[in-house]
Amino acid sequence: MSTTLRNQRAQTTGSASNDPTGTKTATARRDGRKWMAALFLAPTIGGIALFTLVPIVASVLLAFFRWDIISAPKFVGLDNFASIGADPTVRVAFLNTIMFVIVAVLLQLLVAISLAVLVQTRMPIWLRTFFRSAFFFPLVLSASSVSIIMSYLFNQNFGLVNKILGLVAIPPVPWLTSPAASMAVIVLVYVWQNFGFTFLLVLGGLSSIPTELYEASSIDGAGGWKQLRSITLPLLSPTLLVASVMAVISALQIFDQPYVITRGGPGDATRTAVMVIFESAFKQLDFGRASAIGVVLTLLIMAATAVQFRLSRRFVYYS
Amino acid sequence: MGDVSRRAVLGVLGLGALGAVTASWPRLTGADIPGRGENALSVAILGTSQDAASRAKLVQAFQAAHPGIKVRIQAIQGADWGDFFAKILTMVAAGTSPDVVLVATEGAQLFAERLAEPLDTYVKRDRAAVQDYFDDVHPSLVEAFMYQGSLFQLPMDFNSANMYLNTGALAKAGLARPDDHWTRDDFYNMLGAMKRTNGNQFVPYYWTNRLFGGVVPWLYVNETSFLKETRSTGGSWFWDTFYAKDPTRAQRSGGFQWLEPNAEDPHVAESFEFLRTLVAEGLGTSPAQGGGNELVGQFAAGMIGTTPAGGYWVEGLHEAGMREDQFDVQFFPKWRSQRHQFGAAGYAIMKTSTRKDEAWEWIKFCATKEAMEIAMPTPTTTPTRRSMVNEALYSGKGPKHWQVFYDTLDKFPTSGPIPAPPQQAAVESALIKNVVGAVTGSAANVAPALATLQRDLDLALRRN
């Protein structure tokens, strides 16, 4: 087939250069190509428009309406935004989310970097392959199933975690019913499940650092820590920027773990922004309010990302 | 391979695409969803497709009686009733609303207020046919489905928050099953005795944080609730027709109303303080949220002394290997009163349904004793017909005092339903999120937690 196409092309090019009406043919061909491009792009663009753009615009518009899906939407102006501003639960949920993001993302990066550095240096290849898969596997599991198992493990009365702690004479910890412990459980479960992706990114970043740099620096007398600080981290910084931006965006949307493990409790201790969106929409049937919270969350995500890119000017080195 | 023109390739691709669209047309248009567009009465229930299949006999029996009406049971999965209602609502929004929905007390008023058709004209019309049902069903259960003077559902099954007792643990503590009028103090002492004699891992009182069987039974026995309970007027057309001779006729109304929060009532604080003491002294668990799925296994393994549950638990305990003499059941202990909490469920006709008469035939049929016996062959719940709660249902499975399940209504006729106004979802989350804060920690925590509960309930009730 490729031969045919090439022959055709050769023929057309040939004819175009000899033909006095060459410009016209070229224009027609360009038009034809444009149409063809449009035709091939149409399904994707149509799909994005229908399933992404329209819903985005609709959900932003919905934030100015009151809608319970049964009766017709009613325009309420900025009421939804005023009501979420005045709602203590929403405020707490956003604060929780921000705190969660800070702790979880830092922990995630820290764990991922340490493990990646450990795996990348001084380890037999087969073991390296094993750990690469092992650390990535939790990400493949469904977050809800993991969370259900975790809620059994951390059950105060019958959970395995407290049983093991009991062996070393630590009294049962109310993992899911005290505010601090339940937040800790959520962070741990989330980080355990999600650091795998950051880990892979960092691993990729590490392997692209030329080994000569390490060799040269060790001749100059630099030890492991010095190398980490002066070579590994700076050269890893572009990867870390990508990893942290992605980690922050996904952490801001945390839902499964707190929804399944604690249902946002005790009190509002583990309620997050996406949870209040879900509850407003599907439990309390206030879709307008849910959209308003969604808009605020989107702005928060955009702001967080902008801040990261701004900071990156100072901390990221492109070699 | 040399001579395939671009046109031919495009043509083949185009044909392929066309073929794919044609082949998947039913999927793209949703026409392959079972029952969509089919000429049948669609009945939505909470459960899995196995649950729908288990009702096949019921459907067969119905169709034998009404050959002209085709019925399709649509099982909708959900973690709890709230989930189920949300899915029904999305079906309504999508224009594919079912004709009949099985609704529990939790959603009774939400449906009555917005989605369901009153049954008033139907029960009046078919009075002779349904009188037999009402003669067999306690009026408290029916009153739970009255809303502003109209009847919206015929309850099929119910469960009260009774107290399950682990007889082995009781025996270890040197105790026997308490008598019917045991008090809160008896209960407290019993937990203490069990704790002393049953080892470290043992939990004397296990409770979960939810509307049914959580903090609410303790509020009811203390003659209070976290919402102000009032009754609406009306409904005498119904009571005078169907329950004219009932001894509790005078106390019946047009339905329950929960219009204002009541979390700062001193009795509410008392109940919370009692539960807080249980938690602080290690007699009761710090209540985890959720339905307590792991609870059956733990109770059957003898790790739990007592827990509030209804008749629905019997089959589960039996399946978990508990013999009928290893557990028993008793009324909730008395405090200021012994008023119990119950939850029930029944079919509601959707306002949007175009087959309301057929829907009513289904409901009427399901309320017959024949149908209820087909629908509830095992004690996975308690039938609302008094005559069905009998030795035969519980034989070989226990508990010994199964009479407690229905006696709860007969002996304590003021027992009330789960407090569930139309804003139930918001009310429930307000309650649940403030319970743990109130019952864990020091006594000084109770008042502030209840103040927050009051504020959250106020917000929840003011919505809509």
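Residues numbered from 1 in each chain as written. Chains lettered and ligands numbered in written order. Predicted model: local features only at pLDDT ≥ 70, side-chain atom pairs only at ≥ 80, totals over all residues. Heavy atoms only, no water.

### Description of the overall build of chain B
A tally of regular secondary structure across chain B gives 22 helices and 16 strands. Accessible area of chain B: about 18200 Å², with a carbon and sulfur share of 52%. Averaging the positions of the 43 positive and the 48 negative side-chain charges in chain B gives two centres separated by 4 Å. (Helix = DSSP H or I, 4+ residues; strand = E, 2+ residues; numbered from the N terminus. Areas by Shrake-Rupley, 256 points an atom, 1.4 Å probe, with all protein chains shown as cover. Lys, Arg positive; Asp, Glu negative; His and termini not counted. Charge placed at Lys NZ, Arg CZ, Asp CG, Glu CD.)

### Structural notes on the overall build of chain A
Looking only at helices and strands, chain A has 13 helices and 2 strands in total. Against the 2.2 N^0.38 benchmark of 20 Å for 319 residues, chain A shows a C-alpha radius of gyration of 27 Å, more extended than a compact globule. Taken along the three principal axes of its C-alpha coordinates, chain A extends 95 × 75 × 40 Å. When the 319 residues of chain A are sorted by exposure, 39% land in the buried category. For chain A, the share of sequence-separated contacts (at least 6 apart) that also reach a separation of at least 24 residues comes to 66%. Mean positive and mean negative side-chain charge positions of chain A (23 and 12 charges, respectively) differ by 6 Å. (Rg over C-alpha atoms; globule rule 2.2 N^0.38 Å. Buried < 20%, exposed > 50% of the residue type's maximum accessible area, 1.4 Å probe, protein only. Contact = heavy atoms within 4.5 Å.)

### Things to note about the nonpolar core
Judged by nonpolar contacts, the single largest core of 81 residues is most densely connected at F100 and F199 of chain A together with I88, V101 and F111 of chain B. Broken down by element, this core gets its largest block of residues, 13 residues, from helix α8 (residues 179–207) of chain A. With residues up to four places along the chain from it excluded, the contact list for V101 of chain B reads A44, F84, I88, F111, G346, Y347, A348 and M350 of chain B. Counting 74 residues, the second largest nonpolar core, distinct from the first, contains F62, L295, W313 and M322 of chain B. (Core = buried A, V, L, I, M, F, W, Y, C linked by side-chain atoms within 4.5 Å.)

### Overview of the confidence of the model for chain B
Residue and element names in this part refer to chain B. Confidence in the prediction of chain B, expressed as mean pLDDT, is 90, and 97% of residues score 70 or more. For chain B, helix α3 (residues 49–54) is the element with the lowest average pLDDT, namely 81, and strand β6 (residues 150–151) is the one with the highest, namely 96. Reported confidence for the predicted complex is 0.75 by ipTM and 0.81 by pTM. (pLDDT = per-residue confidence, 0-100.)

### Here's the deal with the sheet that holds strand β9 (residues 203–205) of chain B
Pairing between the strands of a sheet comes from backbone hydrogen bonds, and it takes one of two forms, parallel or antiparallel. Residues and elements named next belong to chain B. With mixed pairing, 4 strands are arranged side by side in an open sheet as β9-β12-β8-β13. Strand pairing shows two members of the sheet lacking a second neighbour, β9 and β13 (327–330), which therefore form its edges. The mean angle between the axes of side-by-side strands here comes to 25 degrees, regardless of whether they run parallel or antiparallel. The pairing of β9 with strand β12 (residues 304–309) spans 2 bridges and is classified as parallel. The residue bridging Y205 from the neighbouring strand is T306, located in β12. Where helix α20 (residues 404–411) meets the sheet, it contacts β8 (162–166) and β13, and its direction lies at approximately 145 degrees from that of β8. (Pairing = 2+ DSSP bridges. Axes fitted to C-alpha atoms, helices over the stretch in contact; angles between N-to-C directions.)

### Details of the interface of chain B and chain A
Contacts between the two partners involve 42 residues from chain B and, on the opposite side, 35 residues from chain A. Summed over both sides, the interface of chain B with chain A buries roughly 3100 Å², with 57% coming from carbon and sulfur. The residue D68 of chain A makes a salt bridge to R114 of chain B at a minimum N-O spacing of 2.0 Å. Where chain B meets chain A, there are 5 residue pairs in polar contact (both at pLDDT 80 or more). Secondary-structure elements contributing two or more residues to the side of chain B that touches chain A are α1 (6–23), α5 (81–93), α21 (424–439) and α22 (446–462) of chain B. (Buried area = accessible area lost by both parts, 1.4 Å probe. Salt bridge = Lys/Arg side-chain N within 4 Å of Asp/Glu carboxyl O. Polar contact = N/O pair within 3.5 Å; in protein donor to acceptor, adjacent residues only side chain to side chain.)

### A short note on the domain arrangement of chain B
All names here are of chain B. Domain boundaries assigned for chain B yield domain 1 (41–159 + 343–392) and domain 2 (162–226 + 262–339 + 423–462). Centre-to-centre, using C-alpha coordinates, domain 1 lies 30 Å away from domain 2. Counting from both sides, the interface comprises 8 residues of domain 1 and, opposite them, 7 residues of domain 2. Carbon and sulfur atoms supply 58% of the area that domain 1 and domain 2 bury against each other, a total of about 680 Å² over both sides. If you sort the residues of domain 1 by the area they bury against domain 2, E106, N159 and P379 come out on top, with a joint share of 64%. Summed over the shared surface of domain 1 and domain 2, the number is 0 salt bridges. For the interface between domain 1 and domain 2, the tally reads 3 residue pairs in polar contact (both at pLDDT 80 or more). Within the side of domain 1 that touches domain 2, the residues separate by chemical class into 1 nonpolar, 6 polar and 1 charged. (Domains from an automatic or database assignment. Nonpolar A, V, L, I, M, F, W, Y, C, P; charged D, E, K, R; others polar.)

### A word on the packing of aromatic side chains
Residues and elements named next belong to chain B. All chains considered together, the criterion is met by 51 aromatic pairs over all chains. For the pair F62 and F365, a centre-to-centre distance of 5.4 Å together with 65 degrees between the ring planes defines the contact as edge-to-face. Residue F62 is found in helix α4 (residues 56–65), and its partner F365 is found in helix α17 (residues 356–366); the two are separated by 303 residues along the sequence. When sorted by exposure, F62 lands in the same class as F365, which is buried. With a centroid separation of 5.3 Å and an interplanar angle of 90 degrees, the aromatic rings of F187 and Y205 are classed as edge-to-face. Taken as a pair, F187 in helix α11 (residues 184–197) and Y205 in strand β9 lie far apart in primary sequence, 18 residues in all. Look at F187 and you get buried, because its relative accessible area is 0%. Taken together, the ring pairs in this structure connect Y133, F134, W237, F238, W239, F242 and Y243 into an aromatic cluster. Here the basic side chain of K124 rests over the ring of W237, its NZ or CZ set 4.7 Å away from the ring centre. (Phe/Tyr/Trp six-rings, centres within 6.5 Å; stacked < 30°, edge-to-face > 60°. Lys NZ or Arg CZ within 6 Å of the ring centre and 35° of its normal.)

### Things to note about the confidence of the model for chain A
Here chain A averages 86 in pLDDT, and 93% of its residues register 70 or above. Under a pLDDT of 50 for its full length, residues 1–17 of chain A has, in the predicted model, 11 contacts with residues more than four places off or in other chains.

### Notes on the side chain of T224 of chain B
All names here are of chain B. Considering the arrangement of structural elements, one finds T224 in the loop between α12 (216–220) and β10 (227–231). When its relative accessible area of 7% is taken as the criterion, T224 is described as buried. A polar contact is formed between the side chain of T224 and the side chain of D265, at a distance of 2.7 Å. Apart from the residues lying within four places of it in its own chain, the contact partners of T224 are L219, N262, D265, H267 and V268.

### Things to note about the domain arrangement of chain A
Partitioning chain A into domains gives domain 1 (2–62) and domain 2 (79–315). The gap between the C-alpha centroids of domain 1 of chain A and domain 2 of chain A is 43 Å.

### Some points on the side chain of D126 of chain B
All names here are of chain B. Relative to the helices and strands, D126 is located in the loop between α7 (120–125) and α8 (127–136). Looking at D126, the relative accessible area reads 15%, which means it is buried. Within the structure, D126 has its side chain in polar contact with the side chain of W360 (distance 2.7 Å).

### Things to note about a nonpolar patch on the surface
A cluster of nonpolar side chains, I98, M99, I102, V103 and L106 of chain A, forms an exposed patch at the surface whose accessible area comes to about 450 Å². Tracing the backbone through its elements, the reader meets M99 of chain A in helix α4 (residues 88–120). (Patch = residues over 30% accessible without salt bridge, like charges linked within 9 Å, V, L, I, M, F, W, Y side chains within 5 Å.)

### Looking at the pairing of β13 of chain B
Within a regular strand, the side chains alternate between the two sheet faces. All names here are of chain B. A two-sided burial pattern is seen for β13, the buried positions comprising F327 and V329 on one face and D328 and Q330 on the other. Examined bridge by bridge, β8 and β13 share 4 bridges and lie antiparallel to one another. Directly across from M163, in β13, lies its bridge partner Q330.

### Some points on the pairing of strand β2 (residues 71–76) of chain B
Residues and elements named next belong to chain B. Of all 6 residues that make up β2, 5 are buried, and the element is covered over most of its length. Looking at chain direction, strand β1 (residues 41–46) and β2 are connected through 6 bridges and run parallel. Bridging across to β2, V43 finds its partner in I73.

### Some remarks on the packing of helix α10 (residues 224–252) of chain A against helix α13 (residues 287–315) of chain A
Residue and element names in this part refer to chain A. Two elements in contact, α10 and α13, have axes whose closest approach is 10 Å; the angle formed by their N-to-C orientations is 165 degrees. Of the possible angle classes, the one that applies to α10 and α13 is roughly antiparallel. Regarding α10 and α13, the two cross each other, and that crossing is right-handed. Taking contact as the criterion, the partners of S237, L241, S244, V245, V248, I249 and L252 in α10 are, on α13, L297, L300, I301, A304, T305, Q308, F309, S312 and F315. Here the contact of α10 with α13 is built from residues that sort into 11 nonpolar, 5 polar and no charged. (Parallel < 35°, antiparallel > 145°, perpendicular 65-115°, else oblique. Left-handed = near helix turned anticlockwise from the far one by under 90°.)

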